[in-house]
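# Summary of the model geometry
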Amino acid sequence: METFASLYEGFAVALTWQNLLLALLGCFLGTMMGALPGLGPANGVAILIPLAFTFGLSAIAALILLTSVYYGAMYGGRISSILLNIPGDEPAMMTCLDGYPMAQAGRAGEALALSGVASFVGAFFATWGLVFLAPLLVQIALLFGPGEYFVLYTLAFATLGGIAATNQAKSAFAAALGIGIAMIGVDTQTGVQRFTFGEVHLYDGIDFLIAIVGLFALSEVFVFLEHRGQNDSADEGKMKIGRVTPSLSVLRYCTPAMIRSTVLGFISGVLPGAGASLGSFLAYSVEKQVSDPRSETFGKGDPRGVAAPEAGNNAASGGALVPMLALGVPGSGTTAVLLAVLLTLNIQPGPLLFQNNPDVVWGLIAALFIGNFMLLALNIPMVGIFTRVLLVPTHILMPVVAMIAFIGIYSITGSTFELTMMVLFGALGWVLRKLDVPLVPIILGILLGNEMEVNLRRAMTISNGEWTTLFDSWLAIILWTIAIVGFVLPIFLGKRVKRKMKEAEEEGPLSD
Amino acid sequence: MMSDRVLGGVGLALAVFYAWAATIIPEPFSSDAIGPDGFPMIIALVLGLSSIYFVVKPDPEPKWPALNRLAEIGCALLVMFGYAQVLPILGFVFSTVIITAYLTWRLGAGPLTALLNGVGTSVGLFVLFELIFGLSLADGPLGF
C-alpha cells in the first residue's frame, strides 16, 4: 500500500495550477509534433529541453512538460497515418495499414476516435504497470554494485539496436563514437584534461544537448532538403473526417484487441532493445493472427487493426519508462532523450531517485495519469485542430523548427562555438543516417559514457585492478548473458524480423 | 559497398587517432587502477574493430542524392554555419530573417513566401522568446 501512498503524494505535487497548465501545453505541443511527419517524439522533446531549462522551470515542472510532450507525440503519430498514409513517427507505421483504408472508406473520424481511445487504454494501463513494476525493479537495482552497473550499461548498448537490427557492427560503432565523445573534457576522477587539445570550449566536455539537437533535429532539415519535391503528392488532407465519436459497439468489438495489445506493448517497452516501434508491430501481427488468421479483413480497414497497434505503441512508451526511471538506462531513442531531460535538471535516475526524490518520481507518474486524460480530451473532440496542422507545408515548418533549435542551444550556451558544433552534428547525423548507422547509440553513449567509466573504475579500484570482479556475482553473470544474447541474436534473426516488418508494410496500402 | 569501406577507413583512422590522443593524456598525480586512459583505450578498440568489419563486410551501397542535391545540402550547411558566425554581429532578428528565408526558399517555396516566412518567423520567435518569455537572444547593432 506504500505505492498508493506515494502515488497520492505524487498527485499532490502534480495538481498545482502551474503543473496542470504545463501538462496541457505539453500534451498539445506533443500531439502536434507527433502528427507532423518528420518530427517524432525524440525530436520534439529534444528541441524543447534547452528551452524548458532556460525558462527556469523547477525540475518537476520541466519534467511534467516534457513527458507530456512525449506521451502526446505518441498519441499524435496516428493522425497523419490515418489521414495521409504517412506515419507521423516510426511507431505509428503499423497504424497506416488499417487506418488509411478506413479513412478512404469515409470512416476517418471513426478511426481517429477509436485510435484515440486505444492510445488512452494502452498508455493508461502501462502507466499503472509503471507504478507497480518500477518499485520492484528498484529493489533489484539496489543490489547493484559498480561492477553490475558497468555490465548493465554494456547490456543497454548491446541490446539497443533491437531485435530488428541488421548490422550490429554499426550499432557498436555508434555506441563507441558516443562514449568517445563523452570522454572529452576534464576527467572527473583525476582532474586531468582529455582530448581537449587546449581548446577552452572543450574543457567542460561537449554538452549532450548540442549533440542531440544537432543529430536529431538539424539532420532532419537536411533530409527534407534532400527529398524536396518527392513526397509532395500527399492527398492534402482533403479526406472527409466524418463523425469523430467512436460508437460503443465498435469499442466493445475492439476491446479484446486493445487488452492483448496493451499487455504485449507494455512488455516490449520494458524489455531492453524493443521500444515502441516493435511494440506496435508485435501488437498488430499478433492481433492479426488471433482475430483474422485468414487475412480477410486486416489491411482493408478493420478497426481492430487500428486499435491494436495504437494500444501497443502507447503501452510500450509507458513501459519504456520503467527501466529509464528505475535503472537510469533507457531502452529507446525517445527515452534516451528523456534521460537527457533528467540529466539536464541534475537528476540522476536510478534506484536512488526513488529514495531521495520520491516527489519527482511520483509527481511525474501522477502527471502521466493526468496527461492521459487530457490527451483523451484533446484527441477526440479536438482532433480537428491537429488535422489542420497537417496542412502547414514543410517549407514553412522545417525552418521554424531549425530556428527553435538554434534559439534553444544559443540560450543555454550563448556562444558561436556551440552553435557551430551543433551544425556539424547535424551534418554528421545526415551522413550517418545515409550510411545506416543508428543515431540513438551515439546519444546514449554521450549520455551514459561518463557514468559507465566511473562505475568501471570504481569497480576496479575496489578489486585492486582485478578484471574478474566484473564476472563474480550472479547478477553480473545474468546481465552479461542477456547482453551477449541481445547482441548476437539479431545477427541471426535481425534480417528475418526486418523482412517481416517490410512485408507487413507492403501487404498494406503503403505499397500503392 | 564503397561507402561502407570509406566509413570503415575513416573510423579506423579515428580509432588510431583516439588511441594516440589517449596515450598523451597527462599523468595524474594520483591514479586509480585503470587511470584516465584505460577506458578510452577500450573504446578505441571497439571503434577500430567495428570499422574493420565495415571494410571487410560492407553493406550494400546507400542511395546517395544526385550531385545537385548534395550541393543543396552543402549550401544549407554553409548558410547555417554562417548564421552561427554572424548571429552576434547582426543580432537575432536580421540573421534569422535571412536564414529562414533561405531555407524556406530552398525547401520549395516561392521567393515572396520565403521572405514573408523569414520575417514572420523571425519577428514571431523574437516576440515569443525575448519579449514574452524573457530569454536573451543575440543582440545586434540596433538592440535586437
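If you're wondering where the values come from, they're calculated on a predicted model, not measured in any experiment. (Residues numbered from 1 in each chain as written. Chains lettered and ligands numbered in written order. Predicted model: local features only at pLDDT ≥ 70, side-chain atom pairs only at ≥ 80, totals over all residues. Heavy atoms only, no water.)

### Overview of the overall build of chain A
Basically, it comes down to this: Numbering of helices and strands starts at the N terminus; helices are DSSP runs of H or I of at least 4 residues and strands are runs of E of at least 2. The globule rule is 2.2 Å times the number of residues to the power 0.38, and the radius of gyration it is compared with is taken over C-alpha atoms. The buried label applies to any residue whose accessible area, calculated with a 1.4 Å probe on protein chains only, is under 20% of its type's maximum; exposed applies above 50%, and partly exposed to all values in between. Every residue pair with non-hydrogen atoms within 4.5 Å of one another is taken to be in contact.
A tally of regular secondary structure across chain A gives 20 helices and two strands. Taking 24 Å as the expected radius of gyration for a compact globule of 512 residues, we find that chain A reaches 22 Å, a close match to that expectation. Each of the three principal axes of chain A carries a C-alpha extent, and together these read 70 × 50 × 50 Å. Out of the 512 residues in chain A, the part that is buried amounts to 63%. Nonlocal contacts in chain A, meaning residues at least 24 apart in sequence, comprise 81% of its contacts between residues at least 6 apart.

### Considerations on the overall build of chain B
Applied cut-off: Here the open area of atoms and residues is found with the Shrake-Rupley method and a 1.4 Å probe, where only the protein chains shown may cover a residue.
When helices and strands are counted, chain B shows five helices and zero strands. When the helices and strands of chain B are placed in sequence order, the string is α-α-α-α-α. Rg of the C-alpha trace for chain B: 23 Å, well past the compact-globule value of 15 Å for 144 residues, more than 25% over. Projected onto its principal axes, the C-alpha coordinates of chain B cover approximately 55 × 50 × 20 Å. Looking at chain B as shown, the accessible area adds up to about 7500 Å², and 76% of this sits on carbon and sulfur atoms.

### What to know about the side chain of Glu418(A)
Residues and elements named next belong to chain A. Selection rule: Only four residue types enter the tally: Lys and Arg on the positive side, Asp and Glu on the negative side; His and the chain ends are excluded. Any Lys or Arg side-chain nitrogen located within 4 Å of an Asp or Glu carboxyl oxygen qualifies as a salt bridge.
Tracing the sequence through the fold places Glu418 in helix α18 (residues 416-434). Of the side chains bearing the opposite charge, Arg194 lies closest to the buried Glu418, which forms no salt bridge; the N-O distance is 18 Å. The contacts of Glu418, once residues within four sequence positions are left out, are His201, Ile210, Ile409 and Thr413.

### Here we look at the pattern of salt bridges
Residues and elements named next belong to chain A. In total, this model carries 13 salt bridges over all chains according to the counting rule given. Between Arg260 and Glu287 there is a salt bridge, with the nearest N and O atoms lying 3.0 Å from each other. Here the residue Arg260 occupies a position in helix α9 (residues 248-270), and Glu287 occupies one in helix α10 (residues 275-291), the gap between them amounting to 27 residues. With relative accessibility at 31%, the residue Arg260 sits in the partly exposed group. Accessibility expressed as a relative area gives 1% for Glu287, which makes it buried.

### With respect to the interface of chain B and chain A
Spelled out, the test is: When two components associate, each loses some accessible surface as probed by a 1.4 Å sphere; the sum of these losses over both components is called the buried area. Residues adjacent in sequence count toward polar contacts only when both atoms are side-chain atoms; beyond that, a polar contact is any pair of N or O atoms within 3.5 Å, and within protein one must be able to donate a hydrogen and the other to accept it. Basically, the charged four are Asp, Glu, Lys and Arg, the nonpolar ten are Ala, Val, Leu, Ile, Met, Phe, Trp, Tyr, Cys and Pro, and anything else, Gly included, counts as polar.
Taken together, the contact between chain B and chain A spans 68 residues of the former and 63 residues of the latter. Summing both sides of the interface, chain B and chain A together bury roughly 5600 Å²; the carbon and sulfur share of this comes to 80%. Taken together, chain B and chain A are joined by three salt bridges. In this assembly, chain B and chain A are joined by 12 residue pairs in polar contact (both at pLDDT 80 or more). Every element with two or more residues in the side of chain B that touches chain A is listed here: α1 (2-23), α2 (35-56), α3 (67-90), α4 (92-106) and α5 (111-132) of chain B. Residue contributions to the side of chain B that touches chain A peak at 13 residues, all from α3(B). For the side of chain B that touches chain A, a count of residues per class yields 46 nonpolar, 15 polar and seven charged.

### Remarks on the packing of helix α5 (residues 93-141) of chain A against helix α11 (residues 303-319) of chain A
Residues and elements named next belong to chain A. The condition is simple: Simply put, an axis is a line fit to the C-alpha atoms, just over the touching stretch for a helix, and the angle between two N-to-C directions goes from 0 to 180 degrees. It is the rotation of the near helix from the far one that decides the hand of a crossing: anticlockwise by less than a right angle makes it left-handed, clockwise makes it right-handed.
Between α5 and α11, the shortest axis-to-axis distance is 6 Å and the interhelical angle comes to 35°. Helix-helix and strand crossings are classified by hand; for α5 and α11 the assignment is right-handed. In the contact of α5 with α11, the residues fall into 13 nonpolar, nine polar and three charged.

### Here we look at the packing of helix α8 (residues 208-226) of chain A against helix α19 (residues 440-462) of chain A
Residues and elements named next belong to chain A. For clarity, the cut-off: Should an angle lie under 35 degrees it is considered roughly parallel, over 145 roughly antiparallel, and from 65 to 115 roughly perpendicular; all remaining angles are considered oblique.
Between α8 and α19, the shortest axis-to-axis distance is 10 Å and the interhelical angle comes to 175°. Taken together, α8 and α19 sit at an angle that is classed as roughly antiparallel. Contact residues: Phe208, Ala211, Ile212, Leu215 and Phe216 in α8; Val440, Ile442, Ile443, Ile446 and Leu447 in α19. The residue makeup of the contact of α8 with α19, split by class, is 10 nonpolar, no polar and no charged.

### Thoughts on the UniProt feature "domain: DUF1468" (unreviewed entry) in chain B
Spelled out, the test is: UniProt positions are given in the numbering used here, feature names are shortened, and annotations may be inferred rather than shown by experiment.
The UniProt record marks residues 9-137 of chain B with the feature "domain: DUF1468" (unreviewed entry), using the residue numbering of this structure. Split by type, residues 9-137 of chain B is 76% helix and 0% strand. Its first and last C-alpha atoms lie 41 Å apart.

### Some thoughts on α1(B)
Residues and elements named next belong to chain B. Note the following rule: In this analysis, the expected span of each helix is defined as 1.5 Å times one less than the number of residues it contains. The arc in question is traced by the directions running from the helix axis to the C-beta atoms.
Taking 1.5 Å per residue, 22 residues should reach 32 Å; α1 reaches 32 Å between its end C-alpha atoms and fits that length. The complete set of buried residues in α1 reads Ser3, Asp4, Leu7, Gly8, Gly11, Ala15, Tyr18, Ala19, Ala21 and Ala22. Projected onto a plane normal to the axis of α1, the buried residues spread over an arc of 155° and lie on a single side. Opposite its buried face, α1 presents the exposed residues Met2, Val10 and Val16, each directed more than 90 degrees away.

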